[in-house]
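The primary structure of each chain is shown beneath.
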Amino acid sequence: MSDAEKETICADLELILEYVDQIHTVPTDGIDPLVHPIDIGHLRTSDEPETSAHENLNQTESVKTAEGFYVVPKVIEP
Amino acid sequence: MSEIDASWEAVIGLEVHVQLNTRTKLFSRTLNGDVSATPNQYANLVDLAYPGTLPVLNQAALTHAIRFGTAVDGSIARVCLFERKHYFYPDLPKGYQISQYSQPIVGSGLFTLWFEDGQTKAIRIRQAHLEEDAGKSIHDWLPNSTVLDFNRAGTPLLEIVTEPDLRTPLEAAMFLRQLHALVIWLGLGSGNLNEGAIRCDANISLRPQGNNSHGTACELKNLNSFKFLKNALQYEIERQVTVLSAGATVQRETRSYDPVSGSTRSMRPKEKHKEYRYFPDPDLPPIPIAERTIAQIKSSMPELPATVRNRFVRDFDLAADHAYRLTLEKPLAELFEATAKLCKDPQATANWILGEVTALRKGKQSLTQDIAISARQLSQLIERVTDGTLSVNNGKDLLRKLWETDLDLDQIMKTQDMAQISDRDQISNWAKRVIEENEELIPKLLAGEEKLYEYFIGQVMSLSQGKANPQLVRHALETLVLAEYKHNSAKNYD
Amino acid sequence: MDPYQTLEQLRQLLESKQISAEELCRYFLDRIAQFDQQTNCFVSVEPEQVLAEARGADKTRDQGINGQLSGIPVAHKDNFCVRGQRTSCCSNLLRTFISPYDATIVKNISKEGGIYFGKTNMDEFAMGTSNQTSTWGPVRNPWDLSRVPGGSSGGSAAAVAAGFVPVATGSDTGGSIRQPASFCGVTGFKPTYGRLSRYGMIAFASSLDQAGTLTRTAQDAATMFRIMQGHDPRDATSEASWSDDKRVSVKHPLTIGYAASLLNDLDSEIVARIEGSRETLERLGNKFKDVEVFDQDLALSSYYIISCAEASSNLARFDGIRYGTRTKSASSIQELYENTRSQGFGDEVKRRLLAGTYFLSTNSPENYVQKAQKLRRMVYALYQELFQKVDVVLAPSAPSTAFRLDEQLDSTDMYRQDRFTVPVNLCGLPAVSIPCGLVNGLPIGVQLIGPQYGDELILDVAYRFQSETSWHLHRPKL
């Protein structure tokens, strides 16, 4: 991002933060956070493999592969 | 720590990642754990984090985790909650790892560490949680690139974290060994250390002996064998003692171990609170775990190694180290128990299993290597050796043959003509012949050169083509020599 | 041939062989070719593929095999994966992404013979309320080409309004179906969270996203809903099959909740249309009851924090390594990430990802996300209580009619477009926006909000409303 871009985005973010900061004025002691809108979540699956044909997934030009591996610039090990 | 200043005490905690051997991955229905696969063969749309794909929990992985928790008497969470742990690394397809942070599936438990002398020590388990494995980055396959294989991405991991209750490198290595044994015993994973199916990190700090403070800990990464763990900790203790003795301070950092040089080196400073931006995964609503489910899993648990060990000591009067070694692997313990009951000779059974049977399995890589002999066969063999029908050496040969073929024990004995000769007259005749042929040696024998007996026994054995019962041979020889001696003495008094 | 026919009308035409599927599709394709240059509703249409599929539908019809949508064109918002088709989410980052699989709802529609007609334009990654953030350029409202169609399902709403297709799918995270439906004068239905699978719908904010439809009528919405709905074993948040008993049964007349306070800062003309729809519903025999709703700005703030936080996480996968458009200039892995993402994402997406990352970081002075989720619980509790007293709630869909493309709204004003719609997403409720009048020649809609699993109930009310009114029959002039 260019500096100008960063500046605009920062200004926008400040405006947004100012707006959302009003939530901190609401007392919420003893209230459980609601992560999911509906009370389901009983879903899990059995340990059965799915037999699907291996797709040719490396379709786009910009994705780099070699002999089945995905290739990225060298990662320097820390 | 013998040469090291005994005024320091090491405080060690382990984090062990166990790959679970479910058929499919933690959140996708791709085959899990096929190490012979070609690159990315078992990486489906979910594993590769294709846009729009979603995770669905594999029930079997959850059951595995609860089984482990039950085995270490840990508390089992009543809700299974997954959170996202964010970081960027090319082998992490989603840009986050689905893990458990605020509510691990297994809470505090206890692991009873056994020593060979029968002493035990309780090591507290802080927690065990489920998470997905990342893919593999390979840095040396291409010169200027890193290549990625996502076959491993999504493999279920159980990360087991201990409290810092371990005090010596040996304790730590024994803990890992016994944890490894438990994982296999419970059927949770292959435990194959070479393939990274169990991976261990260690936190270690030093403190003055008798002091309850905590020093600055270093984290040692990827200690993937019992020996590496022990050696790395040993090196690290020496290093930290040197640092502390010089009045300097140990840096909080992550270190790696080089098995070739046997030393550790700094990788990076460890940040106190790394920013992972954890939050509950909105794709995986919390799953309630019913009491009934936990009770069912509890009732389906096998008898645990520690229980079996105690029983072996109590019921079969085994030495603690024998009981320990027999209970490192379930098939071994089962073979022992069944055999001992059949032949009613627990000590001989233990000796045979820890000796010959174990030797036969050695050289083969995996600890889960099948045992190719039944309790019935082994008990018959032990009985034959005990009653003298079979020599110990022939017994060993026979075991090898039983191991490699499907033949019946008696059948092999017959075709191989292995039965031991215990006919005393026959043996006595052979002994007489050997004594006559070696008359010049008798005085030496009489003068107390005991070693010569071996030579005489060997001669008799060779006459019998190896089939004479060696104990009877020795007995016959001794009787004859004694008779000779008496005869000579009588003559001298004449 | 009238392009503004309902699914039922088209089905009859096809069944009685007054028209073949091929002719029908050719007709709509011609219409798109003729007018879509003005509106830019579609980001991809493959006429040859469409016609081939249509011929296939004609053939199966001759063999007596008929799906409920056999031969009928259906367009998909560009965030639904369609096998073999470009699925770009209207983002530069996915410009070249060809999906190798079908989203579950796409599959469900094609199983019933629906003809895949192309991808509709949208705000990039569904983040926006004006359809101006698309990498393929903005959509123009068929009612007035100088105006926006609303967003983020702007392409779908405008395509139905323009008579390009009888039905299009959409997605609604904070109002992205209902607000454009209001701006374009069509029926926009957002079902209860979990009743339509999210598998294959590229995620914006997982706990808020829900697929839905833009149609001419509530009846068409109900038809599409029956076809698209159902438990999906690939989506752990999809409605489990055993929740059938949770369904709210359809009945009439109803007690309808009405929050007069919501109308306070609205234009009087818009208030008049909403009051008018209230009268219509009363005339149908329903009773009204005044209710209080949650503070809009607080709900909106909570929504904003949660949606940005989830988005920053969901979009972390776009690194250009396994799919998508990778930067051409990356000599290190760090550059690969930075350049791919900064070249791939537009400004609005960047803004929200940065905000979301900040909200999730423990360095932020307060734990924004947890606080927002507590407020979410409060909104949820309020609606639960509310639905003890009333059967459904009537509320505005949007605070204005379609605004002009060149109108400069700052970020927060733009976000406040969603203030009537976000509480529904926070609570996972079903809601439908239906046309309720014209203001200065532009359509405006009104929302019917139901309790969870009250999908069929609100569609029934909407159907009765549309049987009594003709606002949904008005058409723009192209």
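From a predicted model like this one, the values you see are computed outputs, not experimental measurements.

Regarding the overall build of chain B
In terms of regular secondary structure, chain B is built from 15 helices and 15 strands. Taking 2.2 N^0.38 as the reference for a compact globule, 494 residues should give roughly 23 Å; the C-alpha atoms of chain B span a radius of gyration of 30 Å, well beyond that estimate. Burial statistics for chain B: of 494 residues in total, 54% are counted as buried. By sequence separation, contacts in chain B at least 24 residues apart represent 68% of the contacts at least 6 residues apart. Of the roughly 22,300 Å² of accessible surface on chain B, a fraction of 49% belongs to carbon and sulfur atoms. Between the mean site of the 56 positive side-chain charges and the mean site of the 62 negative ones, chain B shows a separation of 4 Å.

What to know about the environment of His472 of chain C
Residue and element names in this part refer to chain C. The topology assignment puts His472 in the segment after α15 (455-468). Residues His472 and Cys436 lie 36 residues apart in sequence; the distance between their C-alpha atoms is 7.6 Å. With near-sequence residues (within four places) excluded, His472 lies in contact with Arg216, Thr217, Pro435 and Gln466.

Side note on the sheet that holds strand β5 (residues 187-190) of chain C
Residue and element names in this part refer to chain C. What the eleven strands build is an open sheet, ordered β1-β3-β2-β4-β6-β5-β10-β11-β9-β7-β8; its pairing is mixed. Unpaired on one side and paired on the other, β1 (42-44) and β8 (287-290) mark the two borders of the sheet. With strand direction ignored, the average angle separating the axes of adjacent strands in the sheet is 35°. Pairing of β1 with strand β3 (residues 115-120), which is carried by two bridges, proceeds in the antiparallel orientation. Across the sheet, the residue bridging to Phe42 is Thr120, located in β3. Where helix α2 (residues 21-39) meets the sheet, it contacts β1, β2 (73-77) and β3, and its direction lies at approximately 15° from that of β3.

Some points on the packing of aromatic side chains
With the rule as written, the count across this model stands at 31 aromatic pairs over all chains. Ring centres 3.7 Å apart and planes at 5° place the aromatic pair Tyr101 of chain B and Tyr278 of chain B in the stacked group. One end of the pair, Tyr101 of chain B, is in the loop between β4 (96-99) and β5 (109-114); the other, Tyr278 of chain B, is in the loop between β13 (263-269) and β14 (279-280), and 177 residues separate them in sequence. Here Tyr276 of chain B and Tyr278 of chain B contribute two aromatic rings whose centre-to-centre distance is 5.9 Å and whose plane-to-plane angle is 70°, an arrangement assigned as edge-to-face. Three or more aromatic residues link up through ring pairs in this structure, and these residues are Tyr50 of chain B together with Phe97, Phe125, Phe318, Tyr323 and Phe345 of chain C.

Focus: helix α7 (residues 330-343) of chain B
Residues and elements named next belong to chain B. Taking 1.5 Å per residue, 14 residues should reach 20 Å; α7 reaches 20 Å between its end C-alpha atoms and fits that length. For α7, the set of buried residues is Leu332, Ala333, Leu335, Phe336, Glu337, Thr339, Ala340 and Cys343. Lys344 occupies a position one or two residues after α7 and carries a positive phi of about 55°.

Description of the domain arrangement of chain C
Residue and element names in this part refer to chain C. Once the domains are mapped, chain C shows domain 1 (7-251 + 451-473) and domain 2 (296-372). Just the C-alpha atoms count here: the centres of domain 1 and domain 2 sit 27 Å apart. Listed per partner, the contact involves 21 residues of domain 1 and 20 residues of domain 2. When domain 1 packs against domain 2, the two sides together hide about 1,700 Å² of surface, and 65% of this comes from carbon and sulfur. For the pair domain 1 and domain 2, the interface holds zero salt bridges.

Some thoughts on the nonpolar core
What tends to happen in soluble globular proteins is that the nonpolar side chains get buried as a cluster. Within the largest apolar cluster, 174 residues are counted, with the highest numbers of intra-cluster contacts made by Leu94, Phe117, Phe125, Phe318, Phe359 and Leu448 of chain C. Tallying contributions element by element places helix α9 (residues 296-314) of chain C first for this core, with ten residues. Those residues within four positions of Phe318 of chain C in sequence are excluded, and the remaining contacts are Pro51 of chain B together with Leu93, Leu94, Phe125, Ile202, Tyr323, Arg341 and Phe345 of chain C. Membership of the second largest hydrophobic core comes to 105 residues, among which are Ile289, Phe312, Ile382 and Leu390 of chain B.

A look at the packing of helix α7 (residues 218-228) of chain C against α15 of chain C
Residue and element names in this part refer to chain C. Following both chains from N to C, one finds α7 and α15 inclined at 155°, their axes separated by 8 Å at the closest point. Considered as vectors, α7 and α15 are oriented roughly antiparallel to each other. Along its contact with α7, which presents Ala218, Gln219, Ala221, Ala222 and Phe225, the element α15 presents Asp455, Glu456, Leu459, Ala462, Tyr463 and Gln466. Looking at the contact of α7 with α15, its residues break down into seven nonpolar, two polar and two charged.

Points about the interface of chain A and chain C
Often, the extent of an interface is quoted as the loss of accessible area on bringing the components together. The partner chain C presents 68 residues to the 44 residues of chain A that form the contact. Both sides together, the interface formed by chain A and chain C hides about 4,700 Å², and carbon and sulfur atoms give 66% of it. On the surface where chain A and chain C come into contact, there are three salt bridges. In this structure, Arg351 of chain C and Asp12 of chain A form a salt bridge, with 2.4 Å as the shortest nitrogen-oxygen distance. Remark: the boundary between chain A and chain C carries 14 residue pairs in polar contact (both at pLDDT 80 or more). Residue assignment for the side of chain A that touches chain C shows that the elements contributing at least two residues are α1 (3-20) and β2 (69-73) of chain A. Ranked by residues supplied to the side of chain A that touches chain C, first place goes to α1 of chain A with nine residues.

Observations concerning the pairing of strand β6 (residues 120-132) of chain B
Residue and element names in this part refer to chain B. In this sheet, β6 lies alongside β5 in antiparallel orientation, the contact comprising six bridges. By the bridge assignment for β6, Leu113 is matched with Lys121. Hairpin connection of β5 to β6: five residues between the antiparallel strands, including Gly118 at a positive phi of 95°. One ladder, built from seven bridges, connects β6 with strand β9 (residues 156-162); its direction is antiparallel. Counted as the bridge partner of Glu132 is Pro156 from β9.

Examining the interface of chain B and chain A
Listed per partner, the contact involves 44 residues of chain B and 28 residues of chain A. Across the interface of chain B and chain A, roughly 3,200 Å² is buried in total on both sides, 60% from carbon and sulfur atoms. Contact with chain A buries area across many residues of chain B, yet Arg23, Arg29 and Trp141 of chain B alone supply 16% of it, more than any other trio. The interface formed by chain B and chain A contains one salt bridge. Residue Glu48 of chain A is joined to Arg23 of chain B by a salt bridge in which the shortest nitrogen-to-oxygen separation is 3.4 Å. At the junction of chain B and chain A, the tally comes to 17 residue pairs in polar contact (both at pLDDT 80 or more). Taken together, the elements giving at least two residues each to the side of chain B that touches chain A come down to α1 (59-71), β8 (145-149), β13 and β15 (287-288) of chain B.

Some remarks on the pattern of salt bridges
With the rule as written, the count across this model stands at 56 salt bridges over all chains. Within this structure, Arg195, Glu239, Arg247, Asp455 and Glu456 of chain C form a network of salt bridges that share partners.

Concerning the confidence of the model for chain C
Scored by pLDDT, chain C has a mean of 95; 98% of the residues are at 70 or more. The ipTM value of the predicted complex is 0.96, and its pTM value is 0.91.

Description of unusual backbone geometry
Leave glycine aside and you will find that most residues have negative phi; peptide bonds, for their part, are mostly trans. Each neighbour pair has its own omega, and for Gly151 of chain C with Ser152 of chain C the value is 10°, a cis peptide bond. The residue Ser152 of chain C is located in the loop between β3 and α5 (154-161) in this model. Going from His252 of chain C to Pro253 of chain C, the amide bond is cis rather than trans, its omega being -5°. Summarising the element assignment, Pro253 of chain C is placed in the loop between α7 and β7 (255-258). A positive phi angle, close to 55°, is found at Asn222 of chain B, a residue other than glycine. Along the chain, the position of Asn222 of chain B falls in the loop between β11 (218-221) and α3 (226-245).

Conventions and cut-offs
- Residues numbered from 1 in each chain as written.
- Chains lettered and ligands numbered in written order.
- Predicted model: local features only at pLDDT ≥ 70, side-chain atom pairs only at ≥ 80, totals over all residues.
- Heavy atoms only, no water.
- Helix = DSSP H or I, 4+ residues; strand = E, 2+ residues; numbered from the N terminus.
- Rg over C-alpha atoms; globule rule 2.2 N^0.38 Å.
- Buried < 20%, exposed > 50% of the residue type's maximum accessible area, 1.4 Å probe, protein only.
- Contact = heavy atoms within 4.5 Å.
- Areas by Shrake-Rupley, 256 points an atom, 1.4 Å probe, with all protein chains shown as cover.
- Lys, Arg positive; Asp, Glu negative; His and termini not counted.
- Charge placed at Lys NZ, Arg CZ, Asp CG, Glu CD.
- Pairing = 2+ DSSP bridges.
- Axes fitted to C-alpha atoms, helices over the stretch in contact; angles between N-to-C directions.
- Phe/Tyr/Trp six-rings, centres within 6.5 Å; stacked < 30°, edge-to-face > 60°.
- Expected span 1.5 Å × (residues − 1).
- Domains from an automatic or database assignment.
- Buried area = accessible area lost by both parts, 1.4 Å probe.
- Salt bridge = Lys/Arg side-chain N within 4 Å of Asp/Glu carboxyl O.
- Core = buried A, V, L, I, M, F, W, Y, C linked by side-chain atoms within 4.5 Å.
- Parallel < 35°, antiparallel > 145°, perpendicular 65-115°, else oblique.
- Nonpolar A, V, L, I, M, F, W, Y, C, P; charged D, E, K, R; others polar.
- Polar contact = N/O pair within 3.5 Å; in protein donor to acceptor, adjacent residues only side chain to side chain.
- pLDDT = per-residue confidence, 0-100.

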